[in-house]
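So the chains spell out like this:
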Amino acid sequence: MGAIFEELIRRFNEAANENPGEHFTPRDVVRLMVDLLLAGDEDFVRTPYRVVKVYDPCCGTGGMLTIAQRRIQEMNETADVRLYGQEVNPETYAVCKSDLYVKSADGREAEGIEKGSTLSDDKHAGETFHYLITNPPYGKDWRVDQKAVEAEAKLAPAGRFAAGTPRISDGQLLFLQHMLHHMSPAPYGGEDGRGGGRGSRVAIIMNGSPLFTGDAGSGESEIRRWVLENNWLEAIIALPEQLFYNTGIATYVWILTNQKPGGREDQVILIDASDLWEPRRKSLGDKRRDVSAEQRAQIVQLYRDAASSPHTREIEGGRVRIFSTTDFGYRKIRVERPQRWNFRATPERIQRLWDERAFTNLAASRKRKPEAKTAEIAEGEKKQQAIVAMLEGMAERVYTDCQTFDAAVKAAAEAVGLELKTSVRRAIRRALGERDEAAEICRDSKGRPHPDKDLRDYERVPLDRPVAEYFAQEVQPHVPDAWVDEDYTDERDGGVGRVGRVGYEINFNRYFYEYEPPRPLEAIEADIRAVQEKLSNLLQDLL
């Protein structure tokens, strides 16, 4: 029976290579992730008879688990590697379960593989693991799990999604939170290597979206903030494009741990390995490139060098950069500018009054009885016409001060016996007002300037820079009448007098961008002339 299962697995894997799908991660990528996951953790892995628990919440056919198991056993033949995983697709779950069943003498390795949606039905609740590794689906919505996920998010900090939820169209950061929830929290104990927890290491490969999607206060930014402020992110490695069977997009390996070595507690390593690849002899779907064994070793060595150099900011000619966790954070402040309008009752501006809801609602009625409804509408229309006539009588003057204009409207209304609600007066101001930099600043009854929403702007202030200093140096010289809205604050900040909302993003292009000057104009013109000459020759041949 075992031979039959092995043959089925072999044929299934061959078919996967010919028709690769979303459940299959290329072996070169998996091997790199495993090597990064174990780098620097050799003392733990090589302890004799060590029990090592490895988990993949999106295990597919089990490739990541088996490669991790094989690598650990190469390092320690006596290691007891226990595999755990969960897969939502029934076909791939069956293949994974069968494969692990036939590979172990007693079938024990298959016991830790469960079927179901990891996000809505965690089959390993309460478990912790030493190593967690996965390739979650990219850009796939989690609508089918939404109810369960949002319910668990409300249990924070007890639930898996304590940091919140990303947008419904992409669940990658939910899987990241799920894995961090399953880390072993305490230092490893026991002389025999079988007691207590010892902290965990996580490797997850994702596309670029989780790095920077979402502004300050968004679900994505809050999740990044949670990860960085808890100091779990150790490194991110940018991989080459065209490594996967079903997509050619750029991908990034995140390495996370809750046991950072001393000296690197508040640091994050960024490695640009996007040019470390070799072309495939034969493409498989979108996979046109491989990462060779030598290149994998080079990437891992870059990681080791950075991990052993906590006070260095740049390694290997700029291929590796080391940042503080706060370097990725910023404080988004709202900058307001005062409202400066002039007011005049011209026919064009009066016509705009009919677009104001408060004014049009004067001739609306909620009464049910037809007679009463008709009478109320007629009364409202009469009032509208009276307001228009009143404003037409003010057409001769241009007002450059909103307080003076408001007083004039009030006096004109009283003169004709009209009672205007506050909402109608504001509608008149909006309809008859136009921006005028020479006008006086509009102020409220306490003398505070009214903000002009059309001039509102936002600035990102680095976390290590005082907002007042940034505003004085970067904003005020250009717009002297601007101010920072102190009511625009962060709910989680908790600090007195702190303005703005905290956000986090990791923009690889910003940190590794190298400016390339354009070619000389003469060279470009020569190329254009050569193309024109070629086109001219082709046309002559056709004619």
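Residues numbered from 1 in each chain as written. Predicted model: local features only at pLDDT ≥ 70, side-chain atom pairs only at ≥ 80, totals over all residues. Heavy atoms only, no water.

**Section: helix H7 (residues 172-181)**
The condition that has to hold: Each residue is placed in one exposure class: buried if its accessible area under a 1.4 Å probe, protein chains only, is under 20% of its type's maximum, exposed if it is over 50%, and partly exposed if it falls in between. We count a stretch as a helix when DSSP gives it H or I for four or more residues in a row; a strand needs E for two or more, and each element gets its number in order from the N terminus.
Within H7, nine of the ten residues are buried, which leaves the element mostly enclosed by the surrounding structure. Along H7, the positions that sit buried rather than exposed are Gln 172, Leu 173, Leu 174, Phe 175, Leu 176, Gln 177, His 178, Met 179 and Leu 180.

**What to know about the sheet that holds strand S12 (residues 320-324)**
The test is simple: The rule for pairing is simple: two strands pair if DSSP sees at least two bridges between them. For this analysis, residues touch if any pair of their heavy atoms sits within 4.5 Å. The convention used is that axes are lines fitted to C-alpha atoms, helices contributing only their stretch in contact, and that angles between N-to-C directions extend from 0 to 180 degrees.
Pairing is mixed in the open sheet, where ten strands are placed in the order S3-S2-S1-S4-S5-S7-S6-S8-S12-S11. Two strands close off the open sheet at either side, each with one partner strand: strand S3 (113-115) and strand S11 (314-315). Note: strand S5 (residues 201-207) against strand S7 (residues 251-257), seven bridges, orientation antiparallel. What sits directly across from Met 206, in S7, is Tyr 252. Relative to S3, helix H5 (residues 90-103) is tilted by about 160 degrees, and along the sheet it contacts strand S2 (80-87) and S3.

**Comments concerning the packing of helix H2 (residues 27-38) against helix H10 (residues 293-307)**
Here is the rule: Oblique is the label for every angle not falling under 35 degrees (roughly parallel), over 145 degrees (roughly antiparallel), or within 65 to 115 degrees (roughly perpendicular). Two helices that cross are described as forming a left-handed crossing if the nearer one is turned anticlockwise from the farther one by less than a right angle, and a right-handed crossing if clockwise. The residue classification treats Ala, Val, Leu, Ile, Met, Phe, Trp, Tyr, Cys and Pro as nonpolar and Asp, Glu, Lys and Arg as charged. All others, Gly included, are polar.
With their axes 10 Å apart at the nearest point, H2 and H10 run at an angle of 25 degrees to one another. Put simply, H2 runs roughly parallel to H10. Of the two elements, H2 crosses H10, and the hand of that crossing is right-handed. Contact residues: Asp 28, Arg 31, Leu 32, Asp 35 and Leu 36 in H2; Arg 296, Ile 299, Val 300 and Tyr 303 in H10. Looking at side-chain class alone, the contact of H2 with H10 contains five nonpolar, no polar and four charged residues.

**So, the nonpolar core**
Generally speaking, a soluble globular protein has its nonpolar side chains buried in company with each other. Test applied: Nonpolar core, defined: a set of buried Ala, Val, Leu, Ile, Met, Phe, Trp, Tyr and Cys residues in which side-chain atoms within 4.5 Å join the residues together.
With 53 residues, the main nonpolar core has Val 54, Ile 72, Tyr 131, Ile 237 and Ile 269 as its most contacted residues. Examining the composition of this core, we find that eight residues originate from one element, H2, more than from any other. Grouped together as the second largest cluster of nonpolar side chains are 35 residues, Leu 176, Leu 228, Leu 233 and Ala 238 included.

**Let's talk about the packing of helix H14 (residues 402-415) against helix H15 (residues 422-432)**
Relative orientation of the contacting elements H14 and H15 amounts to 125 degrees, with a least axis distance of 11 Å. With respect to their mutual orientation, H14 and H15 come out oblique. The two elements H14 and H15 meet at a crossing, and its hand is right-handed. The residues of H15 that touch H14, namely those facing Cys 402, Phe 405, Asp 406 and Val 409, are Ile 428, Arg 429 and Leu 432. Residue composition of the contact of H14 with H15, grouped by class: five nonpolar, no polar and two charged.

**Some thoughts on the pattern of salt bridges**
Should their charged atoms come close, side chains of opposite charge can pair. Let me state the cut-off plainly: Basic side-chain nitrogens of Lys or Arg form a salt bridge, by our definition, when they fall within 4 Å of a carboxyl oxygen of Asp or Glu.
Under the counting rule described, the total for this entry stands at 40 salt bridges. The shortest N-O distance in the salt bridge between Asp 99 and Lys 103 comes to 3.2 Å. With Asp 99 and Lys 103 both in helix H5, this residue pair falls four residues apart, about one helical turn. Among the residues examined, Lys 103 registers a relative accessible area of 46% and is labelled partly exposed. Two residues, Arg 448 and Asp 444, come together in a salt bridge whose shortest N-O distance is 2.9 Å. Its relative accessible area of 24% is what places Asp 444 among the partly exposed residues. Taken together, the salt bridges that share partners define one network made up of Asp 215, Lys 332, Arg 460, Glu 505 and Arg 510.

**As for the pairing of strand S13 (residues 329-336)**
Along any regular strand, the residues point their side chains to alternate faces of the sheet. The buried count for S13 comes to eight of eight residues, which makes it a mostly enclosed element. Burial of the side chains of S13 extends over both faces: Gly 329, Arg 331, Ile 333 and Val 335 are buried on one face and Tyr 330, Lys 332, Arg 334 and Glu 336 on the other. When S13 meets strand S16 (residues 457-462), the two strands line up antiparallel, connected through six bridges. Paired with Tyr 330 across the bridge in S16 is Pro 462. Pairing between S13 and strand S17 (residues 483-484): two bridges, direction antiparallel. Looking at S17, one finds that Val 335 is bridged to Val 484.

**Focus: unusual backbone geometry**
Geometrically, the link from Ala 156 to Pro 157 is a cis peptide bond, its omega value of 5 degrees lying close to zero. Along the chain, Pro 157 turns up in the loop between helix H6 (146-153) and H7. Positive phi, normally seen in glycine, also occurs at Asn 231, with a value near 65 degrees. Inspection of the secondary structure assignment puts Asn 231 in the loop between helix H9 (219-229) and strand S6 (233-238).

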